[in-house]
Amino acid sequence: MTDFNEMTNALVSCDAAALTELVNRAVASGTPAQDILNTGLIAGMDIVGEKMEAGDMFIPEVLMAAQAMGACVDILKPLLGDGDGAFTGSVIIGTVKGDLHDIGKNLVAMMMESAGLEVHNLGVDIPPEDFVAEIKKKDARIVCLSALLTTTMPAMKQTVDAIVESGLRDQVKIMVGGAPVTQAFADDIGADGFAADAGSASRLAKSFVN
Ligand code: B1M
């Protein structure tokens, strides 16, 4: 049986080798990838966040933990399907200007890809004008904005405003997400939808292209 505590401990102690070994072992023993992600990795990252806030972990360690988690997400990627691949539609996703957090955004992108959507992942620290340029270039139908910092949430509003000003607002559905983001905030800035996690983001995106 998989011991998720061992997994969270390995993540919190930034022991990438042990974490990879535990994740590989859990996969081999038939533990569902979604459980490994939620109960092992995301739970571990929540503890990292608490320690960071309390000053018990510092940026270089948090970065190491994030890299260890990223490597394990790559292991789980082929196993984290969310659909039958029957949907089509172009999605632009990125973390807004000033924000460098990308693990959650990459999970959202991965779930959407596995649901059959064509996803263009722009990366982090993306200014509003780059989102606008990519919508035009890729003829996108959905734009997903991610923010993990309360200080970068205003960049979501600036991005929505830039899309409106570009005349492209009617062409796209705009979705927002990230730990500090709420449905009320999404409504406030004129987004079409909010998703609390990668699974619901993928389902919401599919509902927009159907
Ligand atoms: Co940062 N950081 N960080 N950090 N970091 C947080 C967010 C923080 C809550 C930690 C804390 O203090 N408790 C805090 C923010 C406080 C606030 O704003 N209220 C914080 C801070 C303060 C900072 C710095 C300012 C620290 C400093 O320099 N003094 C700095 C900012 C840098 C910058 O962005 N400009 C910083 C830096 C970093 C690292 C670079 C070290 C690293 C990021 C590495 C990386 O991403 N490659 C890092 C990390 C790892 C974290 C924590 C610990 C973990 C984030 C994470 O990956 N979670 C985080 C604490 C926490 O969240 N518990 C923290 C796991 C991930 C799977 O969850 O990203 O929430 P999440 O994604 C979920 C949902 O939110 C949703 O689905 C995902 C999957 O289910 N979702 C979407 C996400 N995006 C979506 C988009 C959608 C839909 C759903 O579109 C439609």
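What counts, and at which threshold
- Residues numbered from 1 in each chain as written.
- Predicted model: local features only at pLDDT ≥ 70, side-chain atom pairs only at ≥ 80, totals over all residues.
- Heavy atoms only, no water.
- Near = heavy atom within 4 Å.
- Polar contact = N/O pair within 3.5 Å; in protein donor to acceptor, adjacent residues only side chain to side chain.
- 1 Å grid on protein atoms, 1.4 Å probe; cavity = no way out; pocket = protein on both sides within 12 Å on 5 of 7 lines; lining within 4 Å.
- Sits in = over half its atoms within 2 Å of the grid points.
- Helix = DSSP H or I, 4+ residues; strand = E, 2+ residues; numbered from the N terminus.
- Nonpolar A, V, L, I, M, F, W, Y, C, P; charged D, E, K, R; others polar.
- Domains from an automatic or database assignment.
- Expected span 1.5 Å × (residues − 1).
- Buried < 20%, exposed > 50% of the residue type's maximum accessible area, 1.4 Å probe, protein only.
- Arc of directions from axis to C-beta.
- Contact = heavy atoms within 4.5 Å.
- Core = buried A, V, L, I, M, F, W, Y, C linked by side-chain atoms within 4.5 Å.
- Points joined across faces, edges and corners; volume = space filled by probe spheres on them.
- Buried area = accessible area lost by both parts, 1.4 Å probe.
- Salt bridge = Lys/Arg side-chain N within 4 Å of Asp/Glu carboxyl O.

## Some words on the site of the ligand
Step number 1: Taken together, 34 residues surround the ligand, and among them Leu100, His101, Asp102, Ser146 and Thr150 come closest.
Step number 2: Ser146 is positioned such that a nitrogen or oxygen atom in its side chain is 2.8 Å from a nitrogen atom of the ligand.
Step number 3: Ala179 places a polar main-chain atom, nitrogen or oxygen, 3.3 Å from an oxygen atom of the ligand.
Step number 4: Its atoms largely coinciding with the cavity grid, the ligand occupies the largest pocket.
Step number 5: Counting only elements with at least two residues in the shell around the ligand, the list comes to helix H3 (33–54), helix H4 (59–76), helix H5 (103–114), strand E3 (142–146), strand E4 (173–177) and helix H9 (198–209).
Step number 6: Sorting elements by how many residues they give to the shell around the ligand places H3 first, with 5 residues.
Step number 7: Partitioned by chemical class, the residues of the shell around the ligand number 21 nonpolar, 8 polar and 5 charged.
Step number 8: Looking at which domains feed residues into the shell around the ligand, each of domain 1 (4–79) and domain 2 (90–209) supplies at least three.

## A closer look at helix H2 (residues 16–28)
Step number 1: The terminal C-alpha atoms of H2, which comprises 13 residues, lie 18 Å apart, in line with the 18 Å expected from a rise of 1.5 Å per residue.
Step number 2: For H2, the full list of buried residues reads Leu19, Leu22, Val23 and Ala26. Across the axial projection of H2, the buried residues extend over an arc of 95 degrees, all falling on one side. In this structure, H2 carries Ala17 and Ala28 as exposed residues pointing more than 90 degrees from its buried face.
Step number 3: Packed against the buried residues of H2 are helix H1 (4–12), H3 and H4.
Step number 4: Following H2 by one or two positions, Gly30 adopts a phi angle in the positive range, close to 90 degrees.

## Here's the deal with the nonpolar core
Step number 1: With 43 residues, the main nonpolar core has Leu19, Leu37, Leu41, Leu76 and Met112 as its most contacted residues.
Step number 2: Listing elements by their share of this core, those giving two or more residues are H1, H2, H3, H4, strand E1 (90–96), H5, E3 and H9.
Step number 3: Per element, the largest residue contribution to this core is 8 residues, and it comes from H4.

## Points about the layout of surface pockets
Step number 1: Its volume calculated, the largest pocket comes out at about 1300 Å³.
Step number 2: Lining of the largest pocket is provided by 43 residues; of these, Met45, His101, Ile103, Gly104 and Leu148 occupy positions nearest its centre.
Step number 3: Of all the elements in the fold, those that place two or more residues in the lining of the largest pocket are H3, H4, H5, E3, E4 and H9.
Step number 4: In terms of residues, the lining of the largest pocket owes the most to one element, H3, which gives 9 residues.
Step number 5: Classifying every residue of the lining of the largest pocket gives 27 nonpolar, 11 polar and 5 charged.

## Regarding the domain arrangement of the protein
Step number 1: Looking at the assigned domains, one finds that the protein contains domain 1 (4–79) and domain 2 (90–209).
Step number 2: Across the contact, 8 residues belong to domain 1 and 5 residues belong to domain 2.
Step number 3: Interface of domain 1 and domain 2: buried area, both sides summed, is about 500 Å²; carbon and sulfur atoms make up 86% of it.
Step number 4: A salt bridge links Lys77 to Glu113; its shortest N-O distance comes to 4.0 Å.
Step number 5: Where domain 1 packs against domain 2, one counts 0 residue pairs in polar contact (both at pLDDT 80 or more).
Step number 6: Take the side of domain 1 that touches domain 2: its biggest share by element is 4 residues, from H3.
Step number 7: Here the side of domain 1 that touches domain 2 is built from residues that sort into 6 nonpolar, 1 polar and 1 charged.

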